[in-house]
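For reference, the chains in residue letters:
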Amino acid sequence: QVQLVESGGGLVQAGGSLRLSCVASGSIFSINDMGWYRRAPGKQLELVSTVSSSGTTNYADSVKGRFTISGDNAKNTVYLQMNSLNPEDTAVYYCNMEVLIISPRRLFRFWGLGAQVTVST
């Protein structure tokens, strides 16, 4: 029904920057909120950042001041600008969206397949 595709991951040196993008496609009526989560090696999935349809943002303490989330509902796209990256940011980053699908008119939460971000020392 709805597919989320991430892009922009890769390998970067500590102190560098990356920008992740996630585009949703399919039977989308509207999107309530968008977000990014990550899973580091050997650790649990954790919230990185979210943005609501009204523009309200939320960040994990570990990324505040370094990461910036933005959403473009017209393009069904969410971005994550990551600056001052450090090795502790190494993880698979997953896009997440709460979508009101066209038919049946119901809310569902969808996940992308993930984008690897590796930060070297």
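The structure this text deals with has already been given above.
Presented here is a report on the structure given in the accompanying data block. Model, not experiment: these values are computed from the prediction. (Residues numbered from 1 in each chain as written. Predicted model: local features only at pLDDT ≥ 70, side-chain atom pairs only at ≥ 80, totals over all residues. Heavy atoms only, no water.)

Thoughts on the side chain of D33
Consideration 1: Mapped onto the fold, D33 is located in strand β4 (residues 28-39).
Consideration 2: Within the local environment of D33, its side chain forms a polar contact with the side chain of R109, the two groups lying 3.2 Å apart.
Consideration 3: For D33, the residues in contact, after removing those within four places along its chain, are V51, S52, N96, M97, E98 and R109. (Helix = DSSP H or I, 4+ residues; strand = E, 2+ residues; numbered from the N terminus. Polar contact = N/O pair within 3.5 Å; in protein donor to acceptor, adjacent residues only side chain to side chain. Contact = heavy atoms within 4.5 Å.)

Considerations on the pairing of strand β9 (residues 91-101)
Consideration 1: Across the 11 residues of β9, 10 count as buried, placing the element largely inside the fold.
Consideration 2: Relative to β9, β4 runs antiparallel, the two being bridged by 10 bridges. The partner of D33 across the bridge, within β9, is E98.
Consideration 3: Pairing analysis gives five bridges linking β9 to strand β10 (residues 107-111), with the strands arranged antiparallel. By the bridge assignment for β10, M97 is matched with F110.
Consideration 4: As consecutive antiparallel partners, β9 and β10 are separated by five residues. (Buried < 20%, exposed > 50% of the residue type's maximum accessible area, 1.4 Å probe, protein only. Pairing = 2+ DSSP bridges.)

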